[in-house]
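Here are the chains, one letter per residue:
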Amino acid sequence: MPRTSASNTPTDEQLMIRIASGKEPDAALSTLYDRYGRTVYGSGLKLLGDRSLAEELVQEVFLKVWRSSRSFDPSRGGFSTWLYRITRSVAVDIHRRRGISALSVLYEEDNVASIRDMTSGPQEIVDNSWLAWRVSRALENLDEPYREVIELSYFRGLSQREIARETGMPLGTVKSRTLRALKRLRQELGVTGASREVL
Amino acid sequence: MDCAEIRNDLGAFVVGGLEPPESAEIRRHLKFCPACQEEFRKLREVKRALDVTPQPLEPPPHLKKEILNRIHSESPPVRRSRRWFALSAVAVALVAAGAVLWAILAQQATNTPVAVVKLTPTPHYSSVLNERGYWGVAKFYSSHSGNQRVELKLNNLSNSRSKESYYEMWLVSGKDRLSAGTFETTPGETDVWLNAPAESRDYRTVLIALKPKNEKYSSGGKIVLRGERR
């Protein structure tokens, strides 16, 4: 679900204020979960490489959001960035708790992902985990038809013809929608300013 | 195919969704068309960003419910905040009562435990732990941040370092509970420091739970030790 500031839809930051001030805090947390649950879960799978650990991470992250709501300061950065930091910190904590002592040298926060990918250097891992977060958010912010073609074509590896068969869309529409989806993704990443250095 | 047709297919080409003959035609076109090459370069950068991105997957449906259940079992932030303000008011009153008294309290806050709680095995674990020669206490110290620092001294709780489980300390008041953190034990004496939130000051029951590492986090674990703060 896109993060939006449309008149009737509260922004992430407004939802955090609701949690901190006790104005329907459960509903506010529920909405944030709907917006970010997939991103946090996907990051958990990528960083921890295990569904059970990723579920544990999701729970801990959102409990931290709840417990730390009063420490969130929107003037110091957006909610997404704050949540990313929490997610990475919890991932490191889960590794520590699991006591994988042979990998203790990697427990430095910046290196957590290298537990899964020993071929990457620390800086590359940090860059990739932050980039992955931003792309994941950009995907969530895409309109559903565009997100759908990216998921089917890129993540599920379907050919354009297969997508046309599966969705009933004309082949030409699938192709043009794929193109527009990639352009919008690029635009979304550019708008956030988060990935200009990459794109 | 002209440039317009090529460009319409470029997105599909970048994600590898075209049939081999279509891809071959685009490759041929790109070799001699700088404008389309530039368009291709931009799209390929997006594809590279996707390469490091995890596949969007819905978390299991039960997770959200479990999270909402857990926050219901905790004091909501606003209530905690009210309690904190209440504690602050008490602190201000104490300061007003006299600088000498405050100095004494401050001295006690940093050096002397404000409570020492004996932690005894729960019935299910009493036999094995008593045989092992277990004893343990939790020492509570106040800190300038308002949190409580807790020193756990646990002897012979475990006779080996477990790779399958860890412990969590809970402070309980009625149906509310707050975690003071997790820890692992070492054979013989375990001495760990945990940090409990300020509002846990009113939570009188101390529980030490054993939690398997491969279990879902939603579980509170098996209660191994218990103590009451007086």
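Structure: see above.
Conventions and cut-offs
Residues numbered from 1 in each chain as written. Chains lettered and ligands numbered in written order. Predicted model: local features only at pLDDT ≥ 70, side-chain atom pairs only at ≥ 80, totals over all residues. Heavy atoms only, no water. Helix = DSSP H or I, 4+ residues; strand = E, 2+ residues; numbered from the N terminus. Buried < 20%, exposed > 50% of the residue type's maximum accessible area, 1.4 Å probe, protein only. Contact = heavy atoms within 4.5 Å. Areas by Shrake-Rupley, 256 points an atom, 1.4 Å probe, with all protein chains shown as cover. Phe/Tyr/Trp six-rings, centres within 6.5 Å; stacked < 30°, edge-to-face > 60°. Lys NZ or Arg CZ within 6 Å of the ring centre and 35° of its normal. Pairing = 2+ DSSP bridges. Buried area = accessible area lost by both parts, 1.4 Å probe. Salt bridge = Lys/Arg side-chain N within 4 Å of Asp/Glu carboxyl O. Polar contact = N/O pair within 3.5 Å; in protein donor to acceptor, adjacent residues only side chain to side chain. Nonpolar A, V, L, I, M, F, W, Y, C, P; charged D, E, K, R; others polar.

Caption draft 1: Here's a closer look at the overall build of chain B. Each helix and strand in chain B was counted, giving 7 helices and 9 strands. For chain B, with 230 residues in total, the buried portion stands at 45%. Long-range pairs, those at least 24 residues apart, make up 60% of the contacts in chain B between residues at least 6 apart in sequence. Carbon and sulfur atoms form 55% of the exposed surface of chain B, whose accessible area is close to 11,900 Å².

Caption draft 2: The packing of aromatic side chains, seen in detail. What the rule picks out here adds up to 11 aromatic pairs over all chains. Note on Tyr36(A) and Phe79(A): the rings are 5.1 Å apart at their centroids and 75 degrees apart in plane angle, and the pair reads as edge-to-face. Placement of Tyr36(A) in helix α2 (residues 25-48) and of Phe79(A) in helix α4 (residues 79-98) is noted, with a sequence separation of 43 residues between them. Relative to Phe155(A), the ring of Tyr154(A) lies with its centre 4.9 Å away and its plane at 90 degrees, an arrangement referred to as edge-to-face. The ring of Tyr36(A) carries Arg137(A) above its face, with NZ or CZ at 3.6 Å from the centroid. Taking NZ or CZ as reference, Arg149(B) lies 4.5 Å from the ring centre of Trp193(B), over its face.

Caption draft 3: A look at the sheet that holds strand β5 (residues 165-173) of chain B. Residue and element names in this part refer to chain B. Taking strand neighbours across the sheet as the criterion, the 5 strands line up as β2-β9-β8-β5-β6 in an open arrangement whose pairing is antiparallel. Across the chains shown, the open sheet's two edge strands, defined by having one partner strand only, are β2 (120-121) and β6 (176-183). Where β5 lies against strand β8 (residues 205-212), 8 bridges are found, and the strand directions are antiparallel. Across the sheet, residue Tyr167 finds its bridge partner in β8, namely Leu210.

Caption draft 4: A look at the interface of chain B and chain A. Counting residues at the interface gives 55 residues for chain B and 60 residues for chain A. Between chain B and chain A, roughly 5,200 Å² of surface is buried when both sides are summed, and carbon and sulfur atoms account for 63% of that area. Here chain B is connected to chain A by 8 salt bridges. The shortest N-O distance in the salt bridge between Lys175(A) and Glu22(B) comes to 2.9 Å. On the surface where chain B and chain A come into contact, there are 10 residue pairs in polar contact (both at pLDDT 80 or more). Breaking the side of chain B that touches chain A down by element, the ones donating at least two residues are α1 (3-14), α3 (34-51), α4 (61-72) and α5 (77-97) of chain B. Split into classes, the residues belonging to the side of chain B that touches chain A amount to 24 nonpolar, 12 polar and 19 charged.

Caption draft 5: Spotlight on the pattern of salt bridges. The final tally for this structure, using the stated rule, is 22 salt bridges over all chains. Between Arg38(A) and Glu151(A) there is a salt bridge; the shortest N-O distance is 2.8 Å. Within this pair, whereas Arg38(A) is found in helix α2, its partner Glu151(A) is found in helix α6 (residues 144-155), the two being separated by 113 residues in sequence. Using a relative accessible area of 13% as the deciding quantity, one classes Arg38(A) as buried. Taking the shortest distance from any N to any O, the salt bridge between Arg161(A) and Glu22(B) comes out at 3.7 Å. Highlighted residues: Arg161(A) in helix α7 (residues 160-167) and Glu22(B) in helix α2 (residues 20-32), drawn from two different chains.

Caption draft 6: Representation of the side chain of Lys211(B) in the model. With respect to the helices and strands, Lys211(B) occurs in strand β8. Of the polar contacts made by the side chain of Lys211(B), one reaches the side chain of Glu168(B); its length is 2.8 Å.

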